[in-house]
Amino acid sequence: MAENTVDPAAKTPVTLLGLGAMGAALARTWLAAGHPLTVWNRTPARAEPLAALGATVAATAAEAVAAGRLVVVCLLDDASVAEALDGADLAGRDVVNLVPSTPAQARARAAWARGRGARYLDGGIMAVPPMIGVPAAGPYVFYSGSSELFAEHRETLAVPAATTWVGEDPGFAALYDVALLSAMYGMFAGVAHAFALIGKEEVAPTELAPLLSSWLTAMSGSVAKTAEQLESGDYTSGVVSNLAMQVAGTPTFLRTAEEQGVSAELLEPYFRLMRRRLAEGSGAEDLVGVVDLLRR
């Protein structure tokens, strides 16, 4: 072989079902790394650019599954997985499901796959398509389910994005995925409210942005403390600004929003939870007690 060429025979063959933006990005990285790739998509035209790069295009999902042992699914939702694989023979296959799902859906899909003779791994992709295949961008995927499957195919799965194993429970990848994304949306809500507050003033969004970014970075340090408090059950030791003090300050936020002509609907649900926790006699606690309210 010539120097710097890749021997496809040395690479694990991959079957990929689904060629949306994410599926196509995954496909390109496996092809670039020299993995023999069989693809299928409900809309065949989406496979044409990949065929030009060397992918084998299957006419049906069942045909694609029959092409190799490792089957990666990147379709729209859980229902589309059942529909696509309805007529496929999964016996002896290793199914890696990268479809967004709930923990319960992932567990049910794992049992469904095992019942059809397949090993199963669920994945939660913590990246957007342009990050795939770009290690410097920091893409990674949570994986849970069959540890044997993960160990055997980890090198191949790590080609598009780094791998993070979170346990044998097939629902854990989805759980971690949604937990992180839920926190992200909470942050986005706060950012949206902050920018709305300055909307009618002579304050440029680009002037506020670096201050906001550095403040949120500093506040992220509270995550580890919250985790420690939840594990210990001690919500009062080392508290600097307790719940009673923080609840006392919330009217200022609400009045400021009203003065600025901004809806407080992103803040009010959290403030209500803070007031409920205070009413239970937990004024000396940190804010972590709100977690207990959400769990009820």
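Report on the accompanying structure. No experiment lies behind these values; they were computed from the predicted model shown.

1. Here we look at the nonpolar core
L16 and V96 are the most contacted members of the largest nonpolar core, which totals 29 residues. Put simply, the parts of the chain that give this core at least two residues each are β1 (14–17), α1 (21–32), β2 (37–40), β4 (70–73), β6 (119–126), β7 (140–145) and α6 (147–157). Examining the composition of this core, we find that 6 residues originate from one element, α1, more than from any other. Among the nonpolar cores identified, the runner-up in size contains 20 residues, and L75, A84, L90 and V95 belong to it.

2. Quick look at the side chain of S146
Tracing the backbone shows S146 in the loop between β7 and α6. Not counting residues up to four positions away in its chain, the partners in contact with S146 are R119, Y120, L121, W165 and E168.

3. Focus on the pairing of β1
The two faces of β1 match: V14 and L16 on one face and T15 and L17 on the other face are all buried. Sheet topology places β1 next to β2; 4 bridges connect them, and they run parallel. Within β2, the residue paired with L17 across the bridge is W40. In this region the chain leaves β1, passes through α1 and returns to the parallel neighbour β2; the handedness of that crossover is right-handed. Here β1 pairs with β4 via 3 bridges, running parallel. Each residue of the ladder has a partner; that of L17, found in β4, is V73.

4. Here's the deal with the sheet that holds β2
One open sheet accounts for 8 strands, arranged β3-β2-β1-β4-β5-β6-β7-β8; its pairing is mixed. The open sheet has two edge strands, β3 (56–57) and β8 (162–165), and neither has a second partner. Those strands touched by α1 are β1, β2, β4 and β6, and its axis lies near 165° from that of β1. Relative to β6, helix α5 (residues 103–115) is tilted by about 150°, and along the sheet it contacts β5 (94–97) and β6.

5. Thoughts on a nonpolar patch on the surface
A surface patch of nonpolar side chains, amounting to about 690 Å² of accessible area, comprises L181, Y185, M187, F188, W215, L216 and M219. Only α7 (172–197) and α8 (205–219) provide two or more residues apiece to the nonpolar patch. A total of 4 residues in the nonpolar patch trace back to one element, the largest contributor, which is α7. With respect to the secondary-structure elements, Y185 resides in helix α7.

6. With respect to α7
Because the α-helix completes a turn every 3.6 residues, residues three or four places apart line up on one side. The terminal C-alpha atoms of α7, which comprises 26 residues, lie 38 Å apart, in line with the 38 Å expected from a rise of 1.5 Å per residue. Listing the buried residues of α7 in full gives A173, A174, D177, V191, H193 and A194. Elements in contact with the buried residues of α7: α5, β6, β7, α8 and α10 (243–259).

Conventions and cut-offs
- Residues numbered from 1 in each chain as written.
- Predicted model: local features only at pLDDT ≥ 70, side-chain atom pairs only at ≥ 80, totals over all residues.
- Heavy atoms only, no water.
- Core = buried A, V, L, I, M, F, W, Y, C linked by side-chain atoms within 4.5 Å.
- Buried < 20%, exposed > 50% of the residue type's maximum accessible area, 1.4 Å probe, protein only.
- Helix = DSSP H or I, 4+ residues; strand = E, 2+ residues; numbered from the N terminus.
- Contact = heavy atoms within 4.5 Å.
- Pairing = 2+ DSSP bridges.
- Right-handed = clockwise from strand over helix to strand, strands pointing away.
- Axes fitted to C-alpha atoms, helices over the stretch in contact; angles between N-to-C directions.
- Patch = residues over 30% accessible without salt bridge, like charges linked within 9 Å, V, L, I, M, F, W, Y side chains within 5 Å.
- Areas by Shrake-Rupley, 256 points an atom, 1.4 Å probe, with all protein chains shown as cover.
- Salt bridge = Lys/Arg side-chain N within 4 Å of Asp/Glu carboxyl O.
- Expected span 1.5 Å × (residues − 1).

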